[in-house]
Amino acid sequence: MKIFFFVSILLLSCSFGFSSSNTAGLTECPTPENVSVVSQSTNAVSFDWDDCGCAFTEYRVFFVKGGQASTEYSSTTSNISFTGLSAGMYRFYFYTVCEGGVSSIIIDDIVIG
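Here the structure is a predicted model, which means the values were calculated and not measured. (Residues numbered from 1 in each chain as written. Predicted model: local features only at pLDDT ≥ 70, side-chain atom pairs only at ≥ 80, totals over all residues. Heavy atoms only, no water.)

1. Description of the overall build of the protein chain
When its secondary structure is counted, the protein chain shows one helix and nine strands. The N-to-C order of helical and strand elements in the protein chain reads α-β-β-β-β-β-β-β-β-β. For the protein chain, the proportion of contacts with a sequence separation of at least 24, taken over those separated by at least 6, is 59%. A total of about 6,600 Å² of accessible surface is found on the protein chain, and carbon and sulfur atoms cover 56% of it. (Helix = DSSP H or I, 4+ residues; strand = E, 2+ residues; numbered from the N terminus. Contact = heavy atoms within 4.5 Å. Areas by Shrake-Rupley, 256 points an atom, 1.4 Å probe, with all protein chains shown as cover.)

Here is the structure:
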């Protein structure tokens, strides 16, 4: 239940966070673009995306499998790999954190195994 609450709040904040008046003057972070799977095996997957070239930017990724969200992973580069995954359907969420806040979320569904 706690995980569902976290994901719900994250999605709502990304959906509505930049339309409120208290964020006037802030620019939205660029959304990770061209997210793609660069390799996949029976228990691992690696992703790559276009680097925004922005200062003070961190990419964040988490996944949900069977209603359970993973911890949030961060990267200062435009790629990330996950190993030791069990078979099943995963939904990966990618977004950017920068001085202006957070970007929109990119979703990618992957079947492992």
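2. Describing the state of the cysteines
One pass over the structure, following the stated rule, counts two disulfides. Between the sulfur atoms of Cys29 and its disulfide mate Cys98 the distance is 1.9 Å. Residues Cys29 and Cys98 are joined by a disulfide whose S-S torsion is about -110°; by sign, that bridge is left-handed. Of this pair, Cys29 sits in the loop between α1 (2–16) and β1 (33–40) while Cys98 sits in strand β7 (residues 88–98), placing them 69 residues apart in sequence. The exposure class of Cys29 is buried, given its relative accessible area of 2%. Take Cys98: its relative accessible area is 18%, and that puts it in the buried class. Residue Cys52 pairs covalently with Cys54 via a disulfide, S to S 2.5 Å. Taking relative accessible area as the criterion, Cys54 reaches 31% and is therefore assigned partly exposed. Look at the protein chain and number its bonded cysteines as they come in the sequence; the links are 1-4, 2-3. (Disulfide = S-S within 2.5 Å. Buried < 20%, exposed > 50% of the residue type's maximum accessible area, 1.4 Å probe, protein only.)

3. Focus: the environment of Lys65
Mapped onto the fold, Lys65 is located in strand β3 (residues 58–65). Those residues in contact with Lys65, other than ones at most four positions away along the chain, are Ser86, Ala87, Gly88, Met89 and Tyr90. Within the structure, the side chain of Lys65 is placed 2.8 Å from the side chain of Ser86, a separation counted as a polar contact. (Polar contact = N/O pair within 3.5 Å; in protein donor to acceptor, adjacent residues only side chain to side chain.)

4. A word on the side chain of Ser78
Of note, Ser78 is situated in the loop between β5 (73–75) and β6 (79–82). Setting aside its immediate chain neighbours within four residues, Ser78 contacts Phe47, Asp48, Trp49, Asp50, Asp51 and Tyr59.

5. Observations concerning the pairing of β3
Pairing of β3 with β7 involves seven bridges; the strand directions are antiparallel. By the bridge assignment, Phe63 is partnered in β7 with Phe92. The sheet contact formed by β3 and β5 spans three bridges and is antiparallel. When the sheet's bridge partners are listed, Val61 is paired in β5 with Tyr73. Relative to strand β4 (residues 68–69), β3 runs antiparallel, the two sharing two bridges. Paired with Val64 across the bridge in β4 is Ala69. Where β3 hands over to β4, the hairpin turn is made up of two residues, of which Gly66 adopts a positive phi near 60°. (Pairing = 2+ DSSP bridges.)

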